[in-house]
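Structure at a glance
As a plain string of letters, each chain reads:
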Amino acid sequence: MSMSEPAVFRLHERLKADTIGLGSTSLCEIRLMNDSTWPWVLLVPAVAGIREIYQLSADQQHQLVRESSALSEAMMDVFGGDKMNVAALGNMVPQLHLHHIVRFEGDPAWPGPVWGKQAPVAYSDEELEQIRSRLAPVLAELEAGV
């Protein structure tokens, strides 16, 4: 790549392997974590070389917060959870991505974090179709612009 060419966004290999693409917003790729234990969606800003929220422009930061808030509210409405966990850890995958996990009292990790609690339980084709259907209104809202 020459000095004048902008960097191109590429989804991190681990995110490609662990998630399923659901669509995109003006800023982010929307990805479903392939773990049927929890309703778990990631927003990945499609901006090359970004590891931290503060590295985004001010407009991008505001857009990310708007998209994250809209996703969180809609997921809670759809799934009726007890708590919405939103996190940007980046310890295993340095590319900036925000986890949105609907939590339920009594779920397998409650009240602790979901990470490392149990091996992921991949969606069956039928379960994947069901969650896509349940998330369809959420995705339509996000893709239309928040």
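Presented here is a report on the structure given in the accompanying data block. These numbers were taken from a predicted model, which means no experiment stands behind them. (Residues numbered from 1 in each chain as written. Predicted model: local features only at pLDDT ≥ 70, side-chain atom pairs only at ≥ 80, totals over all residues. Heavy atoms only, no water.)

Brief notes about helix H2 (residues 58–79)
- Between its first and last C-alpha, H2 extends 31 Å over 22 residues, near the 32 Å set by a 1.5 Å rise per residue.
- For H2, the set of buried residues is Gln63, Leu64, Glu67, Ser68, Ala70, Leu71, Ser72, Ala74, Met75 and Phe79.
- Each element contacted by the buried residues of H2 is listed here: strand S2 (28–33), strand S3 (40–45), strand S4 (83–87), strand S5 (98–103) and helix H3 (125–144).
- Backbone geometry just after H2 places glycine 80 at a positive phi near 60 degrees. (Helix = DSSP H or I, 4+ residues; strand = E, 2+ residues; numbered from the N terminus. Expected span 1.5 Å × (residues − 1). Buried < 20%, exposed > 50% of the residue type's maximum accessible area, 1.4 Å probe, protein only. Contact = heavy atoms within 4.5 Å.)

Things to note about the sheet that holds S2
- Taken in spatial order, the five strands make up an open sheet running S1-S2-S3-S5-S4, and their pairing is antiparallel. Each edge of the sheet is formed by a strand with only one pairing partner; in this case those strands are strand S1 (19–24) and S4. Pairs of neighbouring strands in the sheet enclose a mean axial angle of 25 degrees, with direction left out of account.
- Its contacts with the sheet place H2 against S2, S3, S4 and S5, and it is angled at close to 20 degrees to S5.
- Contacting S1, S2 and S3, H3 runs over the sheet at an angle of about 35 degrees to S1. (Pairing = 2+ DSSP bridges. Axes fitted to C-alpha atoms, helices over the stretch in contact; angles between N-to-C directions.)

Comments concerning the packing of aromatic side chains
- On inspection of all chains with the given rule, the structure shows two aromatic pairs.
- Ring geometry for tryptophan 40 versus tryptophan 115: centroids 5.9 Å apart, planes at 85 degrees, classification edge-to-face. Of this pair, tryptophan 40 sits in strand S3 while tryptophan 115 sits in the loop between S5 and H3, and the two are 75 residues apart along the sequence.
- Under the relative-accessibility criterion, tryptophan 115 is labelled partly exposed at 36%.
- Every member of this aromatic cluster is reached through a ring pair, and the members are Trp38, Trp40 and Trp115. (Phe/Tyr/Trp six-rings, centres within 6.5 Å; stacked < 30°, edge-to-face > 60°.)

A look at the pattern of salt bridges
- Going through the model one piece at a time under the given rule, you end up with four salt bridges.
- The shortest N-O distance in the salt bridge between glutamate 13 and lysine 16 comes to 3.3 Å. Note that glutamate 13 and lysine 16 are positioned in helix H1 (residues 13–18) at a spacing of three residues, about one turn of the helix.
- Note on glutamate 13: relative accessible area 56%, which makes it exposed. (Salt bridge = Lys/Arg side-chain N within 4 Å of Asp/Glu carboxyl O.)

Function-wise, these values are silent; they only describe arrangement.
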